[in-house]
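In case you want the letters, here they are:
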Amino acid sequence: MANTQDIRRRIKSIRNTSQITKAMQMVSASKMRRAQQHALAGRPYASLMNRVLVSLQKRTDPKLHPLLQIREVKKELVIIISTDKGLAGALNTNLFREAAHFDSAKTAYVVSGRKARQFLGRTKRQILADFELKDAPSFPETKPIAEYAIESFLTGEVDRVSVLHTHFVNTISQNPVVRTLLPISSFEVTQATAGGAEAHTADPMGGYIFEPNAEGVLDVILPYYLQYQVFQMILNARASEHSARMVAMKNATDNAHHLIKELTLEYNKMRQNSITTELLEISTAQMALGS
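What you are looking at is a predicted structure, and each value in this text was computed from that prediction instead of being measured.

**Student:** Would you mind going over the nonpolar core with me for this structure?
**Tutor:** Among soluble globular proteins, nonpolar side chains are generally buried collectively. If you look at the biggest cluster of nonpolar residues, it comprises 42 residues, and the most contacted ones within it are Leu56, Ile79, Val161, Leu181, Leu182 and Leu226. Within the residue set of this core, elements represented by two or more residues are α2 (43–59), β1 (76–81), β2 (107–112), α5 (139–154), β4 (160–170), β5 (173–182) and α8 (214–290). Dropping the residues within four chain positions of it, valine 161 is found in contact with Leu77, Ile79, Ala149, Phe153, Arg179, Thr180, Leu181 and Leu182. By size, the runner-up hydrophobic cluster in this structure holds 12 residues, among which are Leu95, Phe102, Val111 and Phe119.

Below is the structure:
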């Protein structure tokens, strides 16, 4: 049975741990706010780019572009965006549960994040490329991932490219999602616009002339569209990571405080019992001497 010294030692250790988890909670909250701001800042640009894509779709034959051609899927490339560090609750566990659904015989992987690399290594899955990114990557730093996917698709090495990442819903909810990056379907491009219903009936860029022609602009803008989509997914994953870690560290801090209260109560009870025992022994000794 633990004595008072052991309990004091445990209380001190848990209090030190709670200070660490509290600091990590504050850092994650700050990083989460920045990641959300970065994701929101790009929405006006994404909206305008989608309007241009819908207009180009109406002025060209999308089936003629190689990035829009649908082929029989014999080999699939999956880009997994995970975290580099742990202590983020069940974020990576839920992500890898979705990754396990892919057929390893027909799937190759591109990873961004140490945890995804470790998971694929344990499960003996094929890794074609590994991209290391900073905690808050810029758009140019994420472009190589999309460029690698585009090259693999155009050369015929893979017939479909999907991205597995964590979608940020709110501070306490993050869901793993799988999104098809290539081939781009006209439905996805149309639905991405702010006025999806109007895009079917009117040209959102009516009155504008594309030079040298609509086909040439489409050739240029589609790769940028894919690069920007990957960038937005990475920002979404970063916001999910910091949010999940903040919640996990908050729960750890609250549990530590609760455990400290229980240990303090147990410590006080033991001290009270010890004092009562000592008083009884003194009273008994005095009575014995008096008799």
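The rest of the description comes next.
**Student:** How do you make sense of a nonpolar patch on the surface when you look at a structure like this?
**Tutor:** On the surface, Ile275, Leu279 and Ile282 cluster together into a nonpolar patch covering about 280 Å² of accessible area. Among the secondary structure elements, leucine 279 is positioned in helix α8. Taking relative accessible area as the criterion, leucine 279 reaches 52% and is therefore assigned exposed.

**Student:** Where do I start with the sheet that holds β5 in this structure?
**Tutor:** Within the open sheet, the 5 strands sit side by side as β3-β2-β1-β4-β5. Their pairing is mixed. Since the sheet does not close on itself, it has two edges, and those belong to β3 (127–130) and β5, each with one partner. Mean inter-strand twist for the sheet, computed between neighbouring axes without regard to direction, equals 25°. Where β2 and β3 come together, 3 bridges link them in parallel fashion. Looking across to β3, one finds that valine 111 is bridged to aspartate 130.

**Student:** Help me out: how do you make sense of the packing of helix α3 (residues 91–99) against helix α4 (residues 114–122) in this one?
**Tutor:** For any two helices packed against each other, one specifies the crossing angle of their axes together with the interaxial distance. α4 packs onto α3 with a crossing angle of 45° between their chain directions and a minimal axis gap of 11 Å. When the interaxial angle is binned, α3 and α4 end up oblique. When you trace α3 past α4, the crossing you get is right-handed. Across the interface between the two elements, Asn92, Phe96 and Ala99 of α3 pack against Lys115, Ala116 and Phe119 of α4. The residue inventory of the contact of α3 with α4, partitioned by class, reads 4 nonpolar, 1 polar and 1 charged.

**Student:** Could you clarify how one ought to interpret α4 in this entry?
**Tutor:** Quick reminder: α-helices carry 3.6 residues per turn. Residues three or four places apart thus point the same way. Along α4, the residues classified as buried are Ala116, Phe119 and Leu120. What you see down the axis of α4 is that its buried residues fit within an arc of 95°, all on one side. Contacts made by the buried residues of α4 are with β1, α3, β2 and β3.

**Student:** Even after reading the chapter, I still don't get the side chain of threonine 142, so can you show me in this structure?
**Tutor:** As for its placement among the helices and strands, threonine 142 is situated in helix α5. Using a relative accessible area of 0% as the deciding quantity, one classes threonine 142 as buried. Among the polar contacts made by the side chain of threonine 142, one reaches the main-chain carbonyl oxygen of phenylalanine 139 at a distance of 2.9 Å. Beyond its immediate chain neighbours, meaning those up to four positions away, threonine 142 contacts Leu133, Pro137, Val230, Phe231 and Ile234.

**Student:** Got a minute to help me understand the packing of aromatic side chains in this structure?
**Tutor:** The geometry of an aromatic ring pair comes down to the distance between the two centres and the angle between the two planes. Following the criterion strictly, the structure yields 6 aromatic pairs and no others. A ring pair is formed by phenylalanine 139 and phenylalanine 231, whose centres lie 5.5 Å apart and whose planes are at 75°; its orientation type is edge-to-face. Of this pair, phenylalanine 139 sits in helix α5 while phenylalanine 231 is found in helix α8, placing the two residues 92 residues apart along the sequence. Looking at phenylalanine 139, the relative accessible area reads 23%, which means it is partly exposed. Ring plane angle 55° and centroid distance 6.1 Å describe the contact between tyrosine 228 and phenylalanine 231, whose orientation is recorded as tilted. Of this pair, tyrosine 228 and phenylalanine 231 both sit in helix α8, 3 residues apart, roughly one helical turn. For tyrosine 228, a relative accessible area of 7% translates into the label buried. The ring of phenylalanine 153 is capped by arginine 71, whose NZ or CZ atom sits 4.2 Å from the centre of that ring.

**Student:** I'm lost on the environment of glutamine 286 in this one. Help?
**Tutor:** You can see glutamine 286 is positioned in helix α8. The exposure class of glutamine 286 is exposed, given its relative accessible area of 54%. The sequence separation of glutamine 286 and glutamine 57 amounts to 229 residues, and the corresponding C-alpha distance is 101 Å.

Definitions and limits used
Residues numbered from 1 in each chain as written. Predicted model: local features only at pLDDT ≥ 70, side-chain atom pairs only at ≥ 80, totals over all residues. Heavy atoms only, no water. Core = buried A, V, L, I, M, F, W, Y, C linked by side-chain atoms within 4.5 Å. Buried < 20%, exposed > 50% of the residue type's maximum accessible area, 1.4 Å probe, protein only. Helix = DSSP H or I, 4+ residues; strand = E, 2+ residues; numbered from the N terminus. Contact = heavy atoms within 4.5 Å. Patch = residues over 30% accessible without salt bridge, like charges linked within 9 Å, V, L, I, M, F, W, Y side chains within 5 Å. Areas by Shrake-Rupley, 256 points an atom, 1.4 Å probe, with all protein chains shown as cover. Salt bridge = Lys/Arg side-chain N within 4 Å of Asp/Glu carboxyl O. Pairing = 2+ DSSP bridges. Axes fitted to C-alpha atoms, helices over the stretch in contact; angles between N-to-C directions. Parallel < 35°, antiparallel > 145°, perpendicular 65-115°, else oblique. Left-handed = near helix turned anticlockwise from the far one by under 90°. Nonpolar A, V, L, I, M, F, W, Y, C, P; charged D, E, K, R; others polar. Arc of directions from axis to C-beta. Polar contact = N/O pair within 3.5 Å; in protein donor to acceptor, adjacent residues only side chain to side chain. Phe/Tyr/Trp six-rings, centres within 6.5 Å; stacked < 30°, edge-to-face > 60°. Lys NZ or Arg CZ within 6 Å of the ring centre and 35° of its normal.

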